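# Coordinates in review
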Amino acid sequence: MSSYLNPALSSLESYTPGEQPTEMKYIKLNTNESPYPPSPEVLAAVNEKEAALLRLYPDPEGSALKQALADRYNVKKANIFLANGSDEILNFAFLAFAAGGRKAWFPDISYGFYQVFADLYGIPAVKIPLEEDFSVDYKSYCALSDKGGLICIANPNAPTGLTLSLAQIEEVLKANPDKVVLIDEAYVDFGAESALNLTEKYENLLVVQTFSKSRSMAGARFGFAAASPELIEDLEKIKYSTNPYNINRLTMAAAIAALKSGSYFEDNCRKIMEIREYAASELRKSGFSVLPSLANFLFVKSDFIGGEKLYQALKKKGILVRHFEKERICEYNRITIGTQEEMETLLAKIKEILKEDGNE
Ligand SMILES: *Cc1c(COP(=O)(O)O)cnc(C)c1O
């Protein structure tokens, strides 16, 4: 740290991304990427002709991409905001709807970035503990006494994979007309129900989705939000005050192509859901507690081996999963769903580890 840094930032604890190793080839089940490549249409769109156009700025409005999303999700262009990954939308939402003396509410166990954005903007963060079974305590969000601010709920939640129903989300929306309710749907395509079309009914609802997981485009950095035109306008104001060209040309072309890929991505999601159920049932047979996930990962705890120990042992055997140090979840690991073959390797290695450890 230099002596020039804004003192307000000196104690900021930044987000720690999952490992992206370069030194060795691991089976990567640690950052919830898709095991499948982007669709053939996406690969074709990111071509030499498009690359030659990189001398030009991209369309700052992203008009064609907004239209493609509006068509796909049955909303208007004015309901759509485009971003450089959904992380950028979270960033803008904390700045727009909580900074300046208001609070942010989110679960104690959820996506780690929420706390980072709250800290970055000096926003008091109220962390509402998950229930004993790790489900989101939605009733507590319906009984907040403060006016204004931002409620942020990942649905399905990470790293648990557990989901609230749309009826429960509607209760939160109705109880908080003075707050923005952000529903982070990074994993919604793996079996949960999206709140996207509730944006017509609730002007305080901000739905955030990403192409990083279900659409195999984590490297392209593209996410979008759907909301009332007024909320979208607020986000646009911040975008045009920071980085009007936030979506690069190649990503724009890739995202448009992704939306014209027929059922390619839906088929991939279906495969991942099937593999998830297979892996969950095999893990249960090996003595794991497995939360009922509707995401592309499983959150699991062994009756026989500690969370940190299993993480380390798997890493030694060439498999990366995600382990969190937080006390309440440190006996768990979050395992991304890979291909059937990758999951079979994982299950075999876990059996080896348990044997070596003197169990089974
Ligand atoms: C992966 C993830 C994101 C970030 O997605 P990007 O679009 O890659 O920035 C946001 N929220 C949750 C809950 C995630 O798991």
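Everything here concerns the structure above.
Anyway, here's the lowdown on the structure attached to this text. (Residues numbered from 1 in each chain as written. Predicted model: local features only at pLDDT ≥ 70, side-chain atom pairs only at ≥ 80, totals over all residues. Heavy atoms only, no water.)

## As for the sheet that holds strand 2 (residues 80-83)
For clarity, the cut-off: The rule for pairing is simple: two strands pair if DSSP sees at least two bridges between them. Here a helix means four or more residues in a row that DSSP labels H or I, a strand means two or more in a row labelled E, and each is numbered from the N terminus. Axes, fitted as lines to C-alpha atoms, cover a helix only where it is in contact. Angles between the N-to-C directions of the axes lie from 0 to 180 degrees. Residue contacts follow a heavy-atom distance rule, with two residues in contact if any of their heavy atoms lie within 4.5 Å.
A sheet is described by the order of its strands in space; here seven strands give the open sequence 2-8-7-6-5-3-4, paired in mixed fashion. Each edge of the sheet is formed by a strand with only one pairing partner; in this case those strands are strand 2 and strand 4 (125-128). For this sheet, the mean angle separating the axes of adjacent strands, direction not counted, is 20°. As paired elements, strand 7 (residues 205-210) and strand 8 (residues 223-227) share five bridges and run antiparallel to each other. Within the sheet, the bridge partner assigned to Thr-210 lies in strand 8 and is Gly-223. Each of strand 2, strand 7 and strand 8 touches helix 3 (residues 63-73); the most contacted strand, strand 2, lies at about 125° to it.

## Brief notes about the pairing of strand 6 (residues 180-184)
Counted only if it meets this: Residue exposure (1.4 Å probe, protein chains only): buried if accessible area is under 20% of the type maximum, exposed if over 50%, otherwise partly exposed. Handedness is read with the strands pointing away from the viewer; a crossover is right-handed when the path from the first strand over the helix to the second is clockwise.
Burial within strand 6 is extensive, with five of its five residues counted as buried. As judged from the five bridges shared by strand 5 (residues 150-154) and strand 6, these two strands associate in the parallel manner. Paired with Leu-150 across the strands is Val-180, a residue of strand 6. With helix 7 (residues 166-175) bridging strand 5 and the parallel strand 6, this β-α-β connection has right-handed handedness. Taken together, the four bridges between strand 6 and strand 7 define a ladder with parallel strand orientation.

## Considering the nonpolar core
Soluble globular proteins tend to bury their nonpolar side chains together. Let me state the cut-off plainly: Definition used in this section: a nonpolar core is a set of buried Ala, Val, Leu, Ile, Met, Phe, Trp, Tyr and Cys residues joined via side-chain atoms within 4.5 Å.
In this structure, Leu-65, Leu-69, Phe-211, Phe-222 and Phe-224 are the most contacted members of the largest nonpolar core, which totals 55 residues. Per element, the largest residue contribution to this core is seven residues, and it comes from helix 9 (residues 249-258).

## A short note on the site of the ligand
Defined as follows: We call a residue near a molecule or strand as soon as one heavy atom of that residue lies within 4 Å of the molecule or strand. Residues adjacent in sequence count toward polar contacts only when both atoms are side-chain atoms; beyond that, a polar contact is any pair of N or O atoms within 3.5 Å, and within protein one must be able to donate a hydrogen and the other to accept it. All accessible-area figures derive from a Shrake-Rupley calculation using a 1.4 Å probe, and residue coverage is judged against the displayed protein chains alone.
Taken together, the residues surrounding the ligand are Gly-85, Ser-86, Asp-87, Tyr-111, Asp-184, Ala-186, Tyr-187, Thr-210, Ser-212, Lys-213 and Arg-221. Thr-210 is positioned such that a nitrogen or oxygen atom in its side chain is 2.6 Å from an oxygen atom of the ligand. Contacts to the ligand include Lys-213, whose side-chain N or O atom sits 3.0 Å from an oxygen atom. Coverage of the ligand by the protein chains reaches 92% of its 380 Å² of free accessible surface.

## Section: unusual backbone geometry
Looking along the chain, the bond that leaves Asn-155 and enters Pro-156 is cis, with omega of -5°. You can see Pro-156 is positioned in the loop between strand 5 and helix 7. For Asn-32, which is not a glycine, the phi torsion comes out positive at approximately 60°. Assignment of secondary structure puts Asn-32 in the loop between strand 1 (27-28) and helix 1 (40-45). Accessibility expressed as a relative area gives 1% for Asn-32, which makes it buried. Even without a glycine there, the phi angle at Ser-216 is positive, about 55°. Tracing the sequence through the fold places Ser-216 in the loop between strand 7 and strand 8. Assessed through its relative accessible area of 12%, Ser-216 is described here as buried.

## A few points about the pairing of strand 5
Among the five residues in strand 5, five count as buried, and that is most of the element. Relative to strand 5, strand 3 (residues 104-107) runs parallel, the two being bridged by two bridges. Across the sheet, Trp-105 pairs through a bridge with Ile-151, a residue of strand 5.

## Some points on the pattern of salt bridges
Rule in force here: The salt bridge definition used is simple: a Lys or Arg side-chain nitrogen within 4 Å of an Asp or Glu carboxyl oxygen.
All chains considered together, the criterion is met by 16 salt bridges. We note a salt bridge from Glu-170 to Lys-201, for which the minimum N-O separation is 3.1 Å. Placement of Glu-170 in helix 7 and of Lys-201 in the loop between strand 6 and strand 7 is noted, with a sequence separation of 31 residues between them. Taking the shortest distance from any N to any O, the salt bridge between Lys-317 and Glu-356 comes out at 3.0 Å. Pair noted here: Lys-317 is in the loop between helix 11 (307-316) and strand 11 (319-320) and Glu-356 is in helix 12 (residues 340-356), with a separation of 39 residues, a long-range link. Looking at Lys-317, the relative accessible area reads 24%, which means it is partly exposed. A cluster of three or more residues bridged by salt bridges with shared partners is formed by Lys-317, Glu-352 and Glu-356.

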